[in-house]
Amino acid sequence: MLFWILVAVLTAVVAVILLYPLLRGARAVDDTRAGEAAVYRDQLRELDRDLAGGLISAEEADYARAEIGRRLITVSVAPVTDRKVTKHYRLSEAFVLLMLPVVGLCLYILVGRPDLPSQPLEARLENPGNDMAILVAKAERHLAQSPDDGRGWEVLAPIYFNTMRLAEAETAYRNAIRLLGPSAALLDGLAETLMATSNGVVTEDARKVLEQSLQLQPDNPKASFYLALGMEQAGQAAEAKAAFEALAKQSPADAPWMPLVAEHIAKNGGGQAPGNPMQADVASAESMNAGDRQQMIEGMVESLDAKLTEDPNNLEGWLRLVRSYVVLKDKDRAVGALKRGLAAFPTSSEQGKQLLALARELDIATEGTTE
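Structural notes, computed from the coordinates. Since the structure is predicted, the reported quantities are computational estimates derived from the model, not experimental observations. (Residues numbered from 1 in each chain as written. Predicted model: local features only at pLDDT ≥ 70, side-chain atom pairs only at ≥ 80, totals over all residues. Heavy atoms only, no water.)

## Here we look at the overall build of the chain
Helix and strand counts for the chain stand at 17 helices and 0 strands. Buried positions account for 32% of the 371 residues belonging to the chain. Considering only residue pairs separated by 6 or more positions, the chain has 49% of its internal contacts joining residues 24 or more positions apart. (Helix = DSSP H or I, 4+ residues; strand = E, 2+ residues; numbered from the N terminus. Buried < 20%, exposed > 50% of the residue type's maximum accessible area, 1.4 Å probe, protein only. Contact = heavy atoms within 4.5 Å.)

Here's what the structure looks like:
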């Protein structure tokens, strides 16, 4: 019942807002005619005073009185055009008062859910379904009651990170590490949170966390990459290049992070190619001259493009292709690859969101790609 009362009140408010200009316009017309009539009456009184004072003759007074009287009658009687305007106002008012509620009710019946029972917060917490906000609220309430549940903090930490609640994410990761013990996954998550808080900079705290992660898992590519990135940000180009090259050597040939590693090697003075190179190709590329190396890179990217045309259901491939075209300074083809990737993975999907995130990272225009 409360819902229908609110609907009625909102409908009345909207009707008043829409009717106000119409009522104001009608009153403005009436006020204008009344003002003109008052002016003509004042002129008649002034005419009588002039006749009594001998300023004008009786014949002149009669002529002027007739003209003023004609004008007074004209403004006192609403003309046909005004009656049409008034009729227009009345029709508009009737439309607003009658059709607005009827149209709104019909739309609600068509697209609304009048049969859906109300769900207080307590009921939604008990049965959250796919509502992420309710799931998070339920987890938070559980952890408020059981703050020593390490698994709960472990589950909640990446959710906080993905929704950019970075302070809560850091707290959750630190609680999970404290309660469950350090692991590479938790330490990497904490390091990424610290870097996100500092706008992508590998801070000293993040570096220490990454080094701890690498001690637990020496072949951890994520920690190795971020540590090399920290060297690059510190201006240590030679050390960063060596670290990125070491990561490339220990990574599988088809690893999804290889294009990014290749880009940073090139950025720090190396000659590794983008795309998805085999390790033998990388070694041979280093011994080539600039022209041959560029030709080899373009051939590898074209090969990847052709494979994705045949089998577009490959997110990592699209990520590599977009990044490779950017490395080749071919923004048009990068945008084209992004659009084709989004055709395979819509923007509403998690894969599509990853493609859009990459586009923002590489400063690729996304106009027309989110439709």
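## Observations concerning the nonpolar core
Ranked by internal contacts, the top residues of the largest apolar core, which has 36 residues, are Leu210, Phe225, Phe244 and Val261. Contributions of two or more residues to this core are made by α5 (132-145), α6 (150-162), α7 (166-180), α8 (184-197), α9 (204-216), α10 (221-233), α11 (237-250) and α12 (258-267). Discounting residues that sit within four places of it in the chain, phenylalanine 225 has contacts with Phe244, Leu247, Leu260, Val261 and His264. Counting residues in each nonpolar core, the second largest holds 21 residues, with Leu315, Val322, Ala334 and Leu362 among its members. (Core = buried A, V, L, I, M, F, W, Y, C linked by side-chain atoms within 4.5 Å.)

## Some words on helix α16 (residues 331-344)
In this model, α16 (14 residues) spans 20 Å end to end at C-alpha, consistent with the 20 Å of a helix rising 1.5 Å per residue. All of the buried residues along α16 are Ala334, Ala337, Leu338, Gly341 and Leu342. Summarising the axial view, the buried residues of α16 lie within an arc of 135°, below the 170-degree limit, and thus occupy one face. Of the exposed residues in α16, those oriented more than 90 degrees away from the buried face are Asp332 and Ala343. (Expected span 1.5 Å × (residues − 1). Arc of directions from axis to C-beta.)

## Here we look at the packing of aromatic side chains
The full count for this structure, using the stated rule, is 2 aromatic pairs. Ring-pair connections join several aromatic residues into one group, and the members of that group are Phe225, Tyr226 and Phe244. (Phe/Tyr/Trp six-rings, centres within 6.5 Å; stacked < 30°, edge-to-face > 60°.)

## Comments concerning the pattern of salt bridges
Between side chains of opposite charge, a pair can form as their charged atoms come close. One pass over the structure, following the stated rule, counts 15 salt bridges. With its nearest N and O atoms 2.7 Å apart, the salt bridge here joins glutamate 245 to lysine 241. Of this pair, glutamate 245 and lysine 241 both sit in helix α11, 4 residues apart, which is roughly one turn of that helix. The shortest N-O distance in the salt bridge between arginine 323 and glutamate 263 comes to 3.6 Å. In this pair, arginine 323 sits in helix α15 (residues 315-327) while glutamate 263 sits in helix α12, placing the two residues 60 residues apart along the sequence. Judged by its relative accessible area of 25%, glutamate 263 is partly exposed. Salt bridges here are not isolated pairs; linked through shared partners, they connect Glu140, Arg165 and Glu168. (Salt bridge = Lys/Arg side-chain N within 4 Å of Asp/Glu carboxyl O.)

## Section: unusual backbone geometry
Phi is positive for methionine 164, which is not a glycine, with a value near 60°. With respect to the helices and strands, methionine 164 occurs in the loop between α6 and α7. A relative accessible area of 55% places methionine 164 in the exposed class. Positive phi is not limited to glycine here, since asparagine 199 has a value of about 60°. Checked against the element boundaries, asparagine 199 lands in the loop between α8 and α9.

Don't take any of this as a statement about function, it's just geometry.
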